[in-house]
Amino acid sequence: MIGYYVHHQGRGHLHRAECIAAHVQDPVTILSSLPKPASWSGGWVSLPPDAAADPVDPTARGRLHWVPAHHPEHRERMGAVAEWIRCEGPALFVSDVSVEAATLARLMGTPVVVAAMRGDRGDEAHRLAYDLADALIAPWPQSLPEPDWPAHWHAKTLHTGSISRYDGRDVRVRGVADRLQEKEVVVMLGAGGADLATGQIQAAARATPDWSWTVLGGPHSPWVDDPWPVLCRASVIVTHAGQNAVAECAAARVPTIVIPQDRPHGEQHATARALRAAGLATVRASWPPPHAWTDLLETAAASQDRWTCWSTGDGARRAGRLLTELARRAGKRDACAPR
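Residues numbered from 1 in each chain as written. Predicted model: local features only at pLDDT ≥ 70, side-chain atom pairs only at ≥ 80, totals over all residues. Heavy atoms only, no water.

(A) Representation of the overall build of the protein within the structure. A count of helical and extended segments in the protein gives 12 helices and 12 strands. By the compact-globule yardstick of 20 Å for 339 residues, the protein fits well, its C-alpha radius of gyration being 21 Å. The C-alpha extent of the protein, read off along each of the three principal axes, is 70 × 45 × 40 Å. Across the 339 residues that make up the protein, the buried fraction comes to 52%. Element-wise, carbon and sulfur atoms account for 52% of the exposed surface of the protein, whose accessible area totals about 15,400 Å². Between the centroid of the 35 positive side chains of the protein and the centroid of its 36 negative side chains there is a distance of 4 Å. (Helix = DSSP H or I, 4+ residues; strand = E, 2+ residues; numbered from the N terminus. Rg over C-alpha atoms; globule rule 2.2 N^0.38 Å. Buried < 20%, exposed > 50% of the residue type's maximum accessible area, 1.4 Å probe, protein only. Areas by Shrake-Rupley, 256 points an atom, 1.4 Å probe, with all protein chains shown as cover. Lys, Arg positive; Asp, Glu negative; His and termini not counted. Charge placed at Lys NZ, Arg CZ, Asp CG, Glu CD.)

If you want it as structure tokens, here you go:
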């Protein structure tokens, strides 16, 4: 049995968990405060939310990320995780992502795997989680590592390349001429929050009358459960630099304009820097003014596809194989342990 904690922000953590679990040979139980999706047939533990309007010492004096003192919902949430570990005795626990969930599992004697994130992870809490982990799963290529990681993190990291729910689907890679003739822009905002006003998109669309614009997600557009057909028909995708968003653009092999949003620890800006350094996407630090969009779209649509560097298509399979191996290894140790 493997426990898999899934963070509730956005949908990328859940999509990744489902992809990886499909390649794990042992039963996987997801623990999350997200609603259980119809697509998931495995075990599921619903965790209570633990948001607090006025939290007391939520970082334990800078040592952790979210442990508000005297908070009943937080106590219930961590208690539910601990009770599941106590009852099920999992061979392995995956955290994607919570320093507190990873630490709790390891305190209870369960080996831990942590889904790594880009950006500045040198704070006390991240160092604790990454240090105690038996392995780190980095959903980006080994050729584009995080530059400031210590050597002992790199030594236990599996770089899978991006992991997308669309890996393995047929992709029709179109030439530059087709993209420039069809001229459709797809703006993918997702469910994790957007630092973008609807008026900015509307102004860009008015400034580019030769292009049609489609918006997916965000606060003012309908949610699309399966955006794959829309992504594949796009001449250019415009999105943020979240791991899941970039993974889906890479799987579709569509030229992409990436505009990173502000996130804790500079995660999206770090991803954008890696994409720019490898020439995989057109990166802008902020939303361009309306007059800049025509040239920007034409340049992006004319770029050559290099997404295979980021997306090999087998990232979930490789991660699933690692989890299976670690769980089996833990099971053998338990079998040999004194009774």
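(B) Summary view of the packing of aromatic side chains. All told, the structure shown has 7 aromatic pairs when counted by the stated rule. With a centroid separation of 5.9 Å and an interplanar angle of 65°, the aromatic rings of Trp140 and Trp149 are classed as edge-to-face. According to the relative accessible area criterion, Trp140 is buried, its value standing at 1%. The buried category is assigned to Trp149, whose relative accessible area is 8%. Aromatic pair Trp149 and Trp153: ring centres 5.7 Å apart, planes at 85°, arrangement edge-to-face. Taken together, the aromatic side chains of Tyr130, Trp140, Trp149 and Trp153 make up a single cluster linked through ring pairs. (Phe/Tyr/Trp six-rings, centres within 6.5 Å; stacked < 30°, edge-to-face > 60°.)

(C) Just the nonpolar core, in detail. With 60 residues, the main nonpolar core has Phe93, Tyr130, Leu275, Trp307 and Trp310 as its most contacted residues. Here this core gets 6 residues from one element, more than from any other, and that element is helix 9 (residues 243-252). Those residues in contact with Tyr130 that sit more than four places away from it in its chain are Val114, Ala115, Ala116, Met117, Arg121, Leu136, Trp149, Trp153 and Lys156. (Core = buried A, V, L, I, M, F, W, Y, C linked by side-chain atoms within 4.5 Å. Contact = heavy atoms within 4.5 Å.)

(D) Local environment of helix 1 (residues 12-21). With 10 of 10 residues buried, helix 1 lies mostly within the body of the structure. Buried within helix 1 are the following residues: Gly12, His13, Leu14, His15, Arg16, Ala17, Glu18, Cys19, Ile20 and Ala21.

(E) Quick look at the side chain of Thr157. On the secondary structure map, Thr157 appears in strand 7 (residues 157-159). The residues contacting Thr157, other than those within four sequence positions of it, are Leu136, Ala138 and Trp149.

(F) Quick peek at the pattern of salt bridges. Under the counting rule described, the total for this entry stands at 13 salt bridges. In this structure, Arg165 and Glu248 form a salt bridge, with 2.7 Å as the shortest nitrogen-oxygen distance. One end of the pair, Arg165, is in the loop between strand 7 and helix 6 (176-182); the other, Glu248, is in helix 9, and 83 residues separate them in sequence. Residue class for Arg165 comes out partly exposed when judged on its relative accessible area of 25%. Several salt bridges converge on common partners, so that one network encompasses Arg63, Glu124 and Arg127. (Salt bridge = Lys/Arg side-chain N within 4 Å of Asp/Glu carboxyl O.)

(G) Expanded view of the pairing of strand 1 (residues 2-6). By the criterion of burial, strand 1 is predominantly enclosed, with 5 of the 5 residues buried. Here strand 1 shows a buried face lined by Ile2, Tyr4 and Val6 and a second buried face lined by Gly3 and Tyr5. Handedness of the crossover joining strand 1 and strand 2 (residues 28-32) through helix 1: right-handed. (Right-handed = clockwise from strand over helix to strand, strands pointing away.)

(H) Examining the packing of helix 2 (residues 72-88) against helix 3 (residues 99-107) more closely. Where helix 2 meets helix 3, the closest approach of the two axes is 10 Å, and the angle between their N-to-C directions is 35°. Crossing handedness for the pair helix 2 and helix 3: right-handed. Between helix 2, through Met78, Val81, Ala82 and Ile85, and helix 3, the contact on the second element is made entirely by Glu100, Ala101, Leu104 and Ala105. Considered class by class, the residues forming the contact of helix 2 with helix 3 number 7 nonpolar, no polar and 1 charged. (Axes fitted to C-alpha atoms, helices over the stretch in contact; angles between N-to-C directions. Left-handed = near helix turned anticlockwise from the far one by under 90°. Nonpolar A, V, L, I, M, F, W, Y, C, P; charged D, E, K, R; others polar.)

So far we have only geometry, and geometry alone does not tell us how the molecule works.
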